[in-house]
Amino acid sequence: MPFRGLLDWTVVVLTCQHTDSDYAFQRELEIRQQRGVLSPRALLLTVSDPQERLGSGGATLNALLVAAEHLSARAGHTVVTADVLDDAHILILHTGRDFPWDGCSRAFCWMPIAAAEQSVEGPVCCLDMLLDCLSTKVCVGSPPGVWVCSTDMILTLPSAQKISWEGFSGVQVMSLPGDVSFAANHGVYLTDTEGGVRDIVYRGSEERIRSAVLPDGKVPLVSGPVFFSRSVSERLLQTHVTPPLDGCTYLGMDSGAPPLQISLFLDVLMCLCSEMTEKEFVNGERTGCSSPLGPQGAAVKSARSVLWKTLRGVPLSLVYIPDGRYDYLTTSGREHVVRLTDAGTEKQILSHIQEVHCVNEGSRVINTVLEGSVRVAAGAVVQHCHLQGPIQVQPGCLLSGLDLNSSTYLQRMPLTSDIILQGHRVQLGELKLTVFTVLGAYDSLEALSDEAAGSFLNQTWSQFYSRTGIKPEELWAPDSGLCHSLLEARLFPVFMPKGGPVGMEGVSFLLGGSGSAESWRAAWRLSLREVLCLTDQQRELHWREELFFSAGRRRAEDTLKGHTDHNLLPSIRAAVLGGQQRELLQTLDSVASGSSSDLGIAARSLACIADVLGCLAGEGRGGLRSGPAANPSWASAFSLLEQGELVAGVQELAKQRVLWLNRPDLLVRAARHYEGGGQILLRKAVMSAHEFMFIGQSEMPPMGEWQEVECPARLDLSGGWSDTPPIAFEHGGVVVNVAVRVDGKRPIGSRVRRIPRPHLVLVSTSGPPGCCVTTETVCEVLADLEDYCQPHAPGALLKAVCVCSDVVCVSSSVSLEQQLLERWGGGLEVHTWSLLPHGSGLGTSSILAGAVLAGVYRCTGRSYDTSSLIHAVLYLEQILTTGGGWQDQVGGLVGGVKVARSHATLPLRVDVEQLSLPQDFLSALQQRLLLIYTGKTRLARNLLQDVVRNWYSRLPAIVQNAEQLVSNAEDCARACTEGSLSGLGACIDRYWQQKKAMAPGCEPAAVRTMMNALQPLTLGQSLAGAGGGGFLFILTRHAQQEENVRKILSSTQGLGDFTVHSVELDMEGITVLQQSGEHAQ
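What you are looking at is a predicted structure, and each value in this text was computed from that prediction instead of being measured. (Residues numbered from 1 in each chain as written. Predicted model: local features only at pLDDT ≥ 70, side-chain atom pairs only at ≥ 80, totals over all residues. Heavy atoms only, no water.)

Enquirer: Please provide a residue-by-residue account of the overall build of the protein, values included.
Expert: From N to C terminus, the protein includes 36 helices and 45 strands. Once local pairs closer than 6 in sequence are excluded, the contacts in the protein between residues at least 24 apart make up 69%. Only carbon and sulfur atoms are counted for the fraction: they give 50% of the accessible area of the protein, which is about 42,100 Å². Averaging the coordinates of the 87 positive side-chain charges in the protein and doing the same for the 111 negative ones gives two points 1 Å apart. (Helix = DSSP H or I, 4+ residues; strand = E, 2+ residues; numbered from the N terminus. Contact = heavy atoms within 4.5 Å. Areas by Shrake-Rupley, 256 points an atom, 1.4 Å probe, with all protein chains shown as cover. Lys, Arg positive; Asp, Glu negative; His and termini not counted. Charge placed at Lys NZ, Arg CZ, Asp CG, Glu CD.)

As structure tokens, this is what we get:
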């Protein structure tokens, strides 16, 4: 997938404190690379701290060493060399300590935010928000070096920062504003007038913090990323071989060096502060880092001395972003619930909710499946759960990690407001368990039980003891040495020695529900800290991934069955990248099979299967998606679909699909055949237009009497493409077009007569006088008609007319000769003509089909109205398998300017309204419309395939464009009825832009040159039809501009052979000429 960032990282390192997190977190990084969040060229590394409590400085030194080691190996070196830093942009991200409200750390905490323009569907975690902020706003333009940042915060910046990096050398910190009260528990920078950092104050006195106040009344928080230039990064790298700092790295640990804890801000950066003295730095006692007076005092002093000698003198500067925002993810449950409910605008993110009305707008449901009546109140959050109602989630609650089996307990549990209930996947020795914890949103995890702030389930500890009979010594062993905080209290039952895993009943008792103190005492119990330490993050992430894909499949099913305009391609790509294609294909098979009552759904489902197969092949691999789809291996499935055996046809397609999955080229060919199957169903859906064909009986004319019909061409003024199935019946279409004569003639027509000999003589002539081509096809037996559904077969259109109009029945056992004699007393001779060049864009083939049908109906003694002809052409084109919309026949069969509409439903029905226009407007329009033949042949069929595929995928740009096509057509109709030439011209110009958006590539370079040259003369201009070539029509600013147009085009280079043609409005439409008994001309 394309990389979306602006800074192309050389290496991205994610540090984690638990060794068993390596694999799980590495996979998360790789998934982001596949989704385009990270550059495909970036080296991704997950590095666990070589020891506990390494500190942010130690973790940075270790991560830098590992990054340099990998880059050195890539460059062919056998030892670590700093030369690899010369052109490297390295990002080191620290996951930090365990987060009580997400077992996968703050970095992978999901946020209720929909990512903009995702090509691959996926969550937005704190890590993703940070990566986006760093790659697109903070680090852009920085020279080679190392960026270091913690993932325990959310940075919000309004725009990319304009930082001058020219000639930069040293260390630069980025700071965001904060209040003095907030800074009391955090750090602030003290700066000089030049932006240099004088000191770093961590949890200092209010007076000391106030000395950092800036003119805006805020203090610069120690809050953001740190940049080490290439030269400083080399100095840091050198310390990995210098005792005692080598104890911070895995190489030192493997070499037996004693472990050491170093702080990034209070050790590494502190020695760069201008006001710091060597003595104060080496010997100073500072809150938040290792003490030089403690058990490791000598090592701490020695490490600080090394840092001073290595780094002192390097300039440390600060960039302050006054309009930025810093949100530190604290251990406050209430703060986290509010953070989630305040973020984003959607109440559900990557979830499936069966009864959406049960979920309040002020709540958030994240990566969750809710079945039945699950009522989620405003201010509540449900994440990573699969629940079955009836369940009531009260305001302020957070439910996380609960599986379907939890639902039974939840339905009976006394869940009050502001409760946080979580399921944790832990590994306890050989046991893999799900452990449940319950806390109050207002509980302070670190407050001591005898302090005023101490509480459990939002109540005082004494209230809890009184209600349950539990004693303090049962929560905190007297000799454990642990502080009596909620974080350390062994509250949560895990395992019964004689009964196995406890499950939800343990927390039910704590909440005042079922259970007993005796059972609670008999169980093995863990504290929240122990639960977090024992969390199996690989299983936790796997559970979330399973939910993500399950919810995605359910949403896909709802999207298809509900005819919604949701783009499924990102979800399909995510499923394929996640190896979930089998399950998704089964879902799509099921939807297709169950949609016999709405073949539009089934057709779109098969198109989605084609998209899955295309994604499996890989982007740009296996060949083009458009191509033939008539391999004999798929014939059986296609035959079943043609016969209306939908379930059997879908099953046969799936059976054949299995044989085409092992190579990219086979996958693409299979995708083409699934699109072919979808086209069969689409044709059958459009054939529902047959309901609106009303063909009556009338007197049959004498043998040999010609029935001659002439039709104008059509110019589409706006709305084209919205008439194209499936858009026409899934979105609804509106088209405004006009019937026109070209160079004073109706260019399309047919003549039909009965002849004594019982055969069919089909003659077609196409092309302008002097370069026309005539073909004659004679059908003596039924076998001569069998290729009527192959558009390129000789006489295919005329054969299809004979079949569609029931002149003959191809599947009958009665011979053609006998059928013709019994029904019509002889055969038919059909002549058709078009004076227009092939690919004109003026609707020739559909209008010609209408003309021939009219002639055949009249010749065989049947009556019709124009509406029936319009629907009959739509039906015929499905039989002919050319597809296409309904606007062409509307334009040529109905005279004048009209607006035609189809609604978003099946059966497909077209309603036409002839517009009543002011006479002066008609005259002005007549004098200002011109046609220019571009000399380019249009390729509408290729365009049609792409448009239908993009519509089935519901690409957002295509959906938006379809809406704009319809609204522009309504504006166009209004401009015409109001007599506004300028309004009509503006609609035509907009329409051309919409055509180009719908079918990129429909504007050849020569046409663009031609339109640019003519622009000063025109109010509006567009290629007729789908574009790509054919005729250009223009609405000129002034009347009678034909000669000026010729002059301009003749003096413009690179246009090729063009011709200019006059246009006359045809107010009659299809016209039956005086019958005669003369021989065909």
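Here the narrative resumes.
Enquirer: Any details on empty space enclosed by the protein? Residues and values, ideally.
Expert: In the structure shown here, the tally under the stated rule is seven cavities of 30 Å³ or more. Each pocket or cavity is described by its volume, and for the largest cavity that value is around 130 Å³. In terms of lining residues, the largest cavity is bounded by Glu28, Ile31, Arg32, Arg35, Trp110, Pro123, Leu541, Arg544, Glu545 and Phe548. Looking at the lining of the largest cavity, the elements with two or more residues in it are α1 (22-34) and α18 (537-561). For the lining of the largest cavity, the element with the highest residue contribution is α18, accounting for four residues. Taken together, the residues of the lining of the largest cavity break down into five nonpolar, no polar and five charged. (1 Å grid on protein atoms, 1.4 Å probe; cavity = no way out; pocket = protein on both sides within 12 Å on 5 of 7 lines; lining within 4 Å. Points joined across faces, edges and corners; volume = space filled by probe spheres on them. Nonpolar A, V, L, I, M, F, W, Y, C, P; charged D, E, K, R; others polar.)

Enquirer: Explain the packing of α18 against helix α21 (residues 599-617) residue by residue, including any values.
Expert: Here α18 crosses α21 at 140°, and the two axes come no closer than 9 Å. Accordingly, the angle class assigned to the pair α18 and α21 is oblique. Across the interface between the two elements, Thr559, Leu560 and Lys561 of α18 pack against Ile601, Arg604, Ser605 and Cys608 of α21. When its residues are assigned to classes, the contact of α18 with α21 shows three nonpolar, two polar and two charged. (Axes fitted to C-alpha atoms, helices over the stretch in contact; angles between N-to-C directions. Parallel < 35°, antiparallel > 145°, perpendicular 65-115°, else oblique.)

Enquirer: Any details on the sheet that holds strand β22 (residues 386-388)? Residues and values, ideally.
Expert: Spatially, three strands are ordered β17-β19-β22 in an open sheet, and the strand pairing comes out parallel. Strands with a single pairing partner mark the edges of an open sheet, and in this sheet they are β17 (352-353) and β22. Inspection of the sheet shows β17 paired to strand β19 (residues 369-371) by two bridges, in the parallel sense. Looking at the pairing, His352 lines up with Val369 of β19. Strands in contact with α18 are β17, β19 and β22; relative to β19, the strand with the most contacts, it is inclined by about 60°. (Pairing = 2+ DSSP bridges.)

Enquirer: Run through the sheet that holds strand β35 (residues 760-766), naming residues and quoting values.
Expert: Sheet architecture is open: six strands sit in the order β36-β35-β37-β34-β31-β45, paired in mixed fashion. The sheet is open, and its two edges are formed by β36 (773-779) and β45 (1071-1072), each paired on a single side. Here β35 runs beside strand β37 (residues 827-834); their pairing, made up of seven bridges, is parallel. The partner of Thr765 across the bridge, within β37, is Trp833.

Enquirer: Quick one: what's the story with the packing of aromatic side chains, residue by residue and with numbers?
Expert: In this description, a pair of aromatic rings is defined by centroid distance and the angle of the planes. The tally for this structure, following the rule as stated, stands at 21 aromatic pairs. Residues Trp461 and Phe464 carry aromatic rings whose centres are separated by 5.9 Å and whose planes lie at 85° to one another, so their mutual orientation is edge-to-face. Of the two residues, Trp461 and Phe464 both sit in helix α13 (residues 461-468), three residues apart, roughly one turn of that helix. With respect to burial, Trp461 and Phe464 carry one shared label: buried. Here Arg412 stacks its cationic end above the ring of Tyr409, 5.5 Å away from the centre of that ring. (Phe/Tyr/Trp six-rings, centres within 6.5 Å; stacked < 30°, edge-to-face > 60°. Buried < 20%, exposed > 50% of the residue type's maximum accessible area, 1.4 Å probe, protein only. Lys NZ or Arg CZ within 6 Å of the ring centre and 35° of its normal.)

Enquirer: Provide a residue-level description of the pairing of strand β13 (residues 226-229), including the pertinent values.
Expert: The alternating pattern of β13 places Val226 and Phe228 and Phe227 and Ser229 on opposite faces, both of which are buried. Across four bridges, strand β6 (residues 145-150) lies against β13 in antiparallel orientation. Directly across from Val148, in β13, lies its bridge partner Val226. Two elements, strand β8 (residues 171-175) and β13, share three bridges in a ladder whose sense is antiparallel. Following the sheet pairing, Val171 is matched in β13 by Phe228.

Enquirer: So what about the packing of α18 against helix α20 (residues 581-593)? Which residues, and what values?
Expert: Remark: α18 packs on α20, axes separated minimally by 10 Å, with the N-to-C direction vectors making an angle of 25°. When the axis of α18 is compared with that of α20, the two are roughly parallel. In this structure, α18 meets α20 at a crossing whose hand is right-handed. Residue-level contacts link Arg553, Glu557, Leu560 and Lys561 of α18 to Glu583, Leu584, Thr587, Leu588 and Val591 of α20. Among the residues forming the contact of α18 with α20, the class breakdown is four nonpolar, one polar and four charged. (Left-handed = near helix turned anticlockwise from the far one by under 90°.)

Enquirer: Outline the pairing of strand β2 (residues 43-48), listing residues and values.
Expert: When a strand is regular, its side chains alternate between the sheet's two faces. The element β2 is extensively covered by neighbouring structure, given that six of its six residues are classed as buried. Residues Leu43, Leu45 and Val47 line one face of β2 and the alternating positions Leu44, Thr46 and Ser48 line the opposite face, and both faces are buried. A crossover connection joins strand β1 (residues 11-16) to the parallel β2 through α1; in handedness this β-α-β unit is right-handed. (Right-handed = clockwise from strand over helix to strand, strands pointing away.)

Enquirer: I'd love a proper account of the environment of His690, names of residues and values included.
Expert: Relative to the helices and strands, His690 resides in the loop between α24 (664-686) and β30 (696-697). Overall, His690 belongs to the partly exposed group, its relative accessible area being 40%. Along the chain, His690 and Gln993 lie 303 residues apart, while their C-alpha atoms are 34 Å from each other.

No statement about biological role is implied by the geometric values presented.
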